[in-house]
Structure formats: structure tokens, C-alpha cells
Amino acid sequence: MALTAGIVGLPNVGKSTLFNAITKSQVEAANYPFATIAPNVGVVQVKDDRMNVIREFIESKKLIPTTFEFTDIAGLVKGASQGEGLGNQFLSNIREVDAIVHVVRCFSNSDIVHEHGIVGDPISDIEIIEIELMLADLQSVDNRLARVGKKARVNDKDAILEVATLERAKKALEDNKPINSLSLNEDEEKLMKTFHFLTLKPVIYVANIDEDSLMDIDNNEMFQKVKAYADERDCRVIPVCAKVEEDLSSLDDEEKEMFLSDLGVDESGLDRLVKASYDILKLRTFFTAGPMEIRAWTFHDGMKAPQCAGIIHTDFEKGFIRSETYNYTDLAEYKSERAIKEAGKLRSEGKEYLMKDGDIVHFLTSN
């Protein structure tokens with residue numbers, strides 16, 4: 001299942017440098033606004049140490065991790081919702097992603113141009129972007145209300161629900177609050193997702209810090225401001241030194257581990273970002289394991305076994321009979337599939353089974 005997070009922010013905050021690190025691609029990261037014109041899409045492997053543990057107990061030729069997409073979207077500027085810069089194009093690119101990774105510059109460097117000539121007020125930088133997203137959504141809400149209002153006036157049930165929900169969204173946006181600040185029931189949430197509103201998408205803030213701050217993050221005042229802002233909105237913030245992450249991306253695993261150890265950290269910022277992106281999109285992982293390959297598959301929390309079988313192949317969902325299932329934790333405890341069976345931990349699950357993160361499964365189908 002192809003899901004993607006869009007990397008956004010003002011020009012020159014480190015978006016393309018971060019993207020280079022994520023994908024090991026050589027995306028242009030020039031020191032001027034609009035160096036990125038078209039969105040660059042990169043696929044990154046999702047690091048999951050459970051796969052190596054599975055391989056200890058199930059002999060297999062290769063490991064195939066699951067993947068996640070990141071899209072590098074060119075820097076937005078004030079007035080983007082009115083077409084300033086390349087605003088309309090960029091807003092359209094954001095509309096197509098599932099989550100937003102909002103990069104904020106939290107360091108000073110006189111050699112790197114700031115869009116407004118100053119560095120030190122990251123909250124102002126955040127608000128420039130978020131106001132443009134809210135203004136774009138407000139325009140979309142107004143346009144939709146103008147089209148659906150007539151149906152609501154003739155007691156069309158669906159139109160009445162739509163108008164009521166859109167009116168709530170309009171009020172929130174006019175109060176400078178994103179649509180995702182609303183408490184929506186299941187029907188309202190399903191309806192609103194059809195419009196691809198920008199401020200309905202979940203957000204992760206990435207504080208792009210300098211190398212010194214990696215080992216002394218508490219004394220980075222700009223990061224602390226971003227953290228407080230994110231906490232107020234129940235959002236996540238991840239400190240990342242994009243330049244260090246780009247350097248790490250060229251190292252092999254052993255060299256990377258030594259580099260991180262020297263920095264006094266046990267996990268790269270990018271690994272934390274991928275995990276956070278997974279979590280806010282409510283993504284989980286199941287595994288298939290055999291002599292040819294051990295493979296990780298991404299699914300949405302709440303999906304049933306036949307739907308997960310369909311991720312592997314659509315015919316598997318249509319012909320689903322049952323699944324033979326145990327969890328990664330069972331394998332870690334009992335050390336072999338045979339021992340799992342003898343302990344009664346191998347389960348035969350039917351069509352109503354809700355898949356769990358870490359399930360190792362063999363689907364039985366009629367196809």
C-alpha cells in the first residue's frame with residue numbers, strides 16, 4: 001500500500017537535504033528559493049529489527065523490508081494560497097500526500113539565506129506555512145458550501161450532514177485552527193477525507209538542528225519553542241540534524257552505528273521520523289516467512305485478515321479461506337515454528353480476524 005508523507009517548510013530550511021538523506025538521492029539542494037520545482041518522490045526502506053530475529057529461527061535466503069514514500073515539496077512562501085511563488089502548484093502537491101512532515105530551521109548560519117532575512121523565530125516560520133494551508137482550505141470549504149447548499153435546503157440527508165460538517169470546518173479555520181483540531185465522528189471523518197483538506201492531514205514537526213545541539217538539545221531555545229508549540233497541538237516533534245543524516249546515509253551499517261555512538265545517540269533521526277510517520281498514519285506491519293524470503297508488509301490498524309491477504313495479491317482476498325497465524329513475540333519466546341505449534345500458539349484465523357502488528361502469517365486461499 002503506497003502511502004506518502006510530504007516534506008514541507010519555508011525555502012532553505014533543509015527539506016531537500018533531509019530528503020537526500022532519506023532516499024540517498026542527489027536531489028538539488030541549492031541555496032535559493034524554488035530550487036525544487038517539481039515534487040521529488042523517494043522510497044525508503046523501513047528499518048525493522050524484528051526481521052533479523054525472525055531470520056535467526058526461520059532459515060531464509062533474503063529479507064525484504066516494507067517501504068514508505070516521502071515527497072520533497074518545494075518551499076512555500078507567504079501568499080502561497082493566493083499564488084505567490086509557485087504556491088498553487090505546491091499546495092496541489094501537498095493535497096496528494098497522506099501526512100505532512102513540517103521542517104523548521106532551528107539553527108543560525110549566516111551562509112544560508114532565510115526567506116525573511118532572520119532566523120530565531122521558528123514559530124513565526126511555522127505559522128506562515130500553516131496560515132497558507134488554512135487559507136487554501138477555507139477557500140475549498142467556501143467553494144464546496146456554495147455547491148452543496150441548495151441540496152441541503154431541500155432536505156437532502158447527505159447534503160445536510162455535509163453542510164453541517166463544512167460549517168464547523170469553516171468556523172475552525174476562521175478562528176485560525178486547522179480542521180484536524182475538530183472532533184469528528186466516523187461519518188464526518190469519512191466525509192471530510194474525500195475532500196483532501198490540507199489541514200486535516202496529520203503533522204510531524206522536524207526541528208532541523210545543528211550538530212552541537214544533537215548532544216545538548218535542552219539548550220537549543222528554538223527547538224524548545226517548537227516542542228512547546230507541538231505539545232499544545234498534540235503533535236510530535238523530532239530533532240534532526242539534516243546534514244548529519246545526509247552524511248550517515250553514505251555509510252554502511254557498521255560505520256553508521258559507530259558514528260551514532262560517537263554522537264551519543266542509539267537511533268538516527270530518520271529512523272525516528274519513519275517510525276513516527278507510521279504511527280500517526282496508524283500503520284502496522286505483518287510478516288510472511290519461508291525458505292525463499294522473509295517479507296514485511298504494511299497494513300492499516302483495524303484491517304481484517306482477508307484485506308491483509310489482498311495486500312499481497314488481490315486474488316488472495318477474493319479466495320481467502322483462513323490464515324495460519326502466530327506473532328513475532330511467540331517466535332522470540334519459543335524459538336521455532338515447531339515449538340510454537342506444540343505450545344498451541346499457532347492459530348487458525350477466519351475472515352473476521354483483526355490483524356495485529358508483528359503477526360507472522362500464512363494465508364490459505366482457493367486461488
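Structural data are supplied above this passage.
Nothing here was measured: the structure is a model prediction, and the numbers come from that model.

Draft legend 1. Looking closely at the overall build of the chain. Within the chain, the secondary structure is distributed over 15 helices and 12 strands. The proportion of buried residues among the 367 residues of the chain is 46%. Considering only residue pairs separated by 6 or more positions, the chain has 69% of its internal contacts joining residues 24 or more positions apart. Counting every atom, the chain has about 18800 Å² of accessible surface; 47% of that belongs to carbon and sulfur.

Draft legend 2. The pairing of strand S6 (residues 203-208), seen in detail. Counting buried positions along S6 yields 6 of 6 residues, so the element is predominantly enclosed. The alternating pattern of S6 places Val203, Tyr205 and Ala207 on one face and Ile204, Val206 and Asn208 on the opposite face, and all of these are buried. Examined bridge by bridge, strand S5 (residues 99-105) and S6 share 6 bridges and lie parallel to one another. Looking at the pairing, Val101 lines up with Ile204 of S6. For S6 and strand S7 (residues 236-240), the ladder comprises 5 bridges, and the chain directions are parallel.

Draft legend 3. Quick peek at the sheet that holds S7. Read from one edge of the open sheet, 6 strands run S2-S4-S1-S5-S6-S7, paired in mixed fashion. Only two strands of the sheet have a single partner each, and these edge strands are strand S2 (40-45) and S7. Neighbouring strand axes in the sheet, compared pairwise and without regard to direction, differ in orientation by 25 degrees on average. With respect to the sheet, helix H8 (residues 221-232) is in contact with S5, S6 and S7, its orientation differing from that of S7 by roughly 160 degrees. In the packing of helix H11 (residues 269-280) onto the sheet, the strands contacted are S2, strand S4 (67-72), S5, S6 and S7, and the crossing angle to S7 comes to about 165 degrees.

Draft legend 4. Just H11, in detail. For H11, built from 12 residues, the straight-helix expectation of 16 Å at 1.5 Å per residue is met to within 8% by its first-to-last C-alpha distance of 16 Å. Where H11 is concerned, the buried positions are Gly269, Leu270, Leu273, Val274, Ala276, Ser277 and Tyr278. Phi turns positive, to about 55 degrees, at Lys282, one or two residues after H11.

Draft legend 5. Spotlight on the pairing of strand S8 (residues 283-289). Burial analysis of S8 places 5 of its 7 residues in the buried class, the great majority of the element. One ladder, built from 7 bridges, connects S8 with strand S9 (residues 293-300); its direction is antiparallel. Counterpart to Leu283 in the pairing with S9 is His300. Hairpin connection, S8 to S9: the antiparallel pair is bridged by 3 residues.

Draft legend 6. The arrangement of helix H2 (residues 50-57) in detail. Those residues of H2 lying buried are Arg50, Met51 and Ile54. All buried residues of H2 project into a common sector of 100 degrees when viewed along the axis, lining one side. At its buried positions, H2 is contacted by strand S3 (62-64), S8, S9, helix H14 (328-334) and strand S12 (359-365).

Draft legend 7. Up close: the packing of helix H4 (residues 122-153) against helix H5 (residues 157-174). Two numbers describe how H4 lies on H5: the axes approach to 9 Å, and their chain directions differ by 155 degrees. Considered as vectors, H4 and H5 are oriented roughly antiparallel to each other. Considering how the two elements wind past one another, H4 and H5 form a crossing that is left-handed. Residues Met134, Asp137, Leu138, Val141, Asp142, Arg144, Leu145, Val148, Gly149, Lys151 and Ala152 of H4 lie in contact with H5, whose contacting residues are Ala159, Ile160, Glu162, Val163, Leu166, Glu167, Ala169, Lys170, Leu173 and Glu174.

Draft legend 8. Quick peek at the pattern of salt bridges. Enumeration over the complete set of coordinates arrives at 20 salt bridges. Ionic pairing is found between Glu162 and Arg144, a salt bridge with its closest N-O pair at 2.4 Å. Here Arg144 lies in helix H4 and Glu162 lies in helix H5, a separation of 18 residues in the sequence. Arg144 sits in the partly exposed class, given a relative accessible area of 24%. The shortest N-O distance in the salt bridge between Lys171 and Asp175 comes to 2.5 Å. Through salt bridges that share partners, Arg236, Asp279, Arg284 and Asp301 make up one connected network.

Draft legend 9. Quick peek at the nonpolar core. In terms of nonpolar packing, the biggest core is built from 58 residues, with Leu18, Phe68, Phe70 and Leu273 touching the most fellow members. Top element by residues in this core is H4. It accounts for 6 residues. Those residues within four positions of Leu273 in sequence are excluded, and the remaining contacts are Leu18, Ile22, Phe70, Val101, Ile204, Val206 and Ile238. Val141, Val163, Leu166 and Leu173 belong to the second largest nonpolar core, which has 17 residues in total.

Draft legend 10. Molecular detail of the side chain of Glu349. Within the secondary structure layout, Glu349 lies in strand S11 (residues 347-349). Polar side-chain contacts of Glu349 include one of 2.7 Å to the side chain of Arg347. Residue contacts for Glu349: discarding those within four places in its chain leaves Phe320, Arg322, Ser323 and Thr325.

Draft legend 11. The side chain of Glu245, seen in detail. The residue Glu245 is located in helix H9 (residues 242-248) in this model. Of the side chains with opposite charge, Arg272 comes closest to the buried, unpaired Glu245, at an N-O distance of 6.2 Å. A polar contact is formed between the side chain of Glu245 and the backbone nitrogen of Gly269, at a distance of 2.8 Å. Not counting the four nearest positions on each side in its chain, Glu245 is found in contact with Ala21, Val240, Ser268, Gly269 and Leu270.

Rules used in this analysis
- Residues numbered from 1 in each chain as written.
- Predicted model: local features only at pLDDT ≥ 70, side-chain atom pairs only at ≥ 80, totals over all residues.
- Heavy atoms only, no water.
- Helix = DSSP H or I, 4+ residues; strand = E, 2+ residues; numbered from the N terminus.
- Buried < 20%, exposed > 50% of the residue type's maximum accessible area, 1.4 Å probe, protein only.
- Contact = heavy atoms within 4.5 Å.
- Areas by Shrake-Rupley, 256 points an atom, 1.4 Å probe, with all protein chains shown as cover.
- Pairing = 2+ DSSP bridges.
- Axes fitted to C-alpha atoms, helices over the stretch in contact; angles between N-to-C directions.
- Expected span 1.5 Å × (residues − 1).
- Arc of directions from axis to C-beta.
- Parallel < 35°, antiparallel > 145°, perpendicular 65-115°, else oblique.
- Left-handed = near helix turned anticlockwise from the far one by under 90°.
- Salt bridge = Lys/Arg side-chain N within 4 Å of Asp/Glu carboxyl O.
- Core = buried A, V, L, I, M, F, W, Y, C linked by side-chain atoms within 4.5 Å.
- Polar contact = N/O pair within 3.5 Å; in protein donor to acceptor, adjacent residues only side chain to side chain.
- Lys, Arg positive; Asp, Glu negative; His and termini not counted.

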